[in-house]
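# Architecture at a glance
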Amino acid sequence: MAEAVVIDLFGLKLNSQKICHQTLLKTLSGIHHHHAPEAKFLCIMCGSNSTKERDGENDLSDVGAGNGFPLLTRDFETVSNSSVAASLYAIKQKIDEKNLSHIKVIVPEHRRTFLKAFINQLFTEVYEFEFEDLQGAWGESLLKPSTEINVPTTHQLEEIQSEIESYLRSLPTLKGDLTIITSPLIPDTFIHGFTTRTGGISYIPTLSSLNLFSSCRRRDPKVVVQENLRRLANAAGFNAEKFYRIKTDHANEVWVMGKKEPESYDGIVTNQRGVTITALGADCIPIVFADPVKKACGVAHSGWKGTLLGVAMATVDAMTAEYGCNPEDIVVVLGPSVGPCCFTLPREQAASFHDLHPSCVRQFDSLNPYVDIRKATRILLERGGILPQHIHDQKEDLDLCTSCHPEKFFSHVRDGLNFGTQIGFISIRE
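Residues numbered from 1 in each chain as written. Predicted model: local features only at pLDDT ≥ 70, side-chain atom pairs only at ≥ 80, totals over all residues. Heavy atoms only, no water.

## With respect to the pairing of strand S11 (residues 276-281)
- A large share of S11 lies buried, amounting to six of its six residues.
- With burial as the criterion, each face of S11 is covered, one bearing Thr276, Thr278 and Leu280 and the other bearing Ile277, Ala279 and Gly281.
- By the bridge criterion, six bridges tie S11 to strand S18 (residues 422-428) in an arrangement that is antiparallel. When the sheet's bridge partners are listed, isoleucine 277 is paired in S18 with isoleucine 426. (Buried < 20%, exposed > 50% of the residue type's maximum accessible area, 1.4 Å probe, protein only. Helix = DSSP H or I, 4+ residues; strand = E, 2+ residues; numbered from the N terminus. Pairing = 2+ DSSP bridges.)

## Looking at the environment of phenylalanine 419
- As for its position among the elements, phenylalanine 419 is in the loop between helix H13 (412-415) and S18.
- Spatially, the C-alpha atoms of phenylalanine 419 and leucine 207 are 6.0 Å apart, while their sequence positions differ by 212 residues.
- The residues contacting phenylalanine 419, other than those within four sequence positions of it, are Thr206, Leu207, Arg218, Ala282, Ser411 and His412. (Contact = heavy atoms within 4.5 Å.)

## Brief notes about the pattern of salt bridges
- If you walk through the whole model with that rule in mind, you get 16 salt bridges.
- With a closest N to O distance of 3.6 Å, aspartate 365 and arginine 347 form a salt bridge. Within this pair, whereas aspartate 365 is found in the loop between strand S15 (361-362) and strand S16 (370-371), its partner arginine 347 is found in helix H11 (residues 347-356), the two being separated by 18 residues in sequence.
- What makes aspartate 365 exposed here is its relative accessible area of 70%. (Salt bridge = Lys/Arg side-chain N within 4 Å of Asp/Glu carboxyl O.)

Below, the structure written as structure tokens:
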């Protein structure tokens, strides 16, 4: 049984206003009777996105009190906007507030593929949809003959994409202004920074608001993440069309841009101008590398596994091998991550950090000792030839624990599986 039921009456035209309104009311009453015992959310989506539709005498968005429609809407939540994108996004917010995922959409058959195109953009695989024909539910021909095309053309799909993007651009930022943390060690030859959680449009509590990663397990769709990225790019001054994220595997593979891209990798290096590379973080360390002499840069994602596997030095080694960098010229900045105050590992796994250096572990004799992945990363970088003064891992908010500061950062440790993602990024100015 569906947890949420959405009835699409957007821009609906009826054959005969008096008769059809009566049948529509009867049908809606039947839908409510059938679904109300189980569904936690019942919604009618109506409205009109063209002047021609709004001026039509049989446009459902103008149904008056005399027809009885407003009385029935007491049993449904009603969402009415001037665009399908705005209406569906408002409905998604209501569904997410209730943490629902099984959704039935009752829609005129000729609009099904059109509406699916919007749904595919605004929802992720977290949600399960089923569709029912609204005309079939009425059992008689009440709709005006459709002039719409059943399968959207390429041009129509582009218009749908444009409508969604325009609507998302109009939304206000949440949780405050967009903030970028930078390091004075990296010269102006590069554009770089580390994001916090403020300044985006994501509204899910654990993703709000500048979430920069979408997956099949999260409720933030790619279009929302892309809008967050657009706002970040505008603030930082990089080209969002030339933006590359690592493909995390919690290992030590490094992709050298220009060579064949591996299926997964936790580091990227490049000497291409105008290309922005980025490492994800939500407790794991996003690390940025810059060589102002050879004009090369890199990023790495270093969780506890990647730290032990040496992903930071693997990135340095790739810069040395590919671009002739001298480790003593490379500047390394460690972005915000979980601190030793909040991060524990089972003793047998913590032992590897203790072997690296005893100062990396606190309460080693306990079942779950506290581990300092930042200190371990610094030790490995210094052993690999990076100058201590070229490693920036403190101050400028870089050493704030992501788990301890929910107002500033996302955290897997704190928030669980539906956590948001901040990033570290760098590019060479064109």
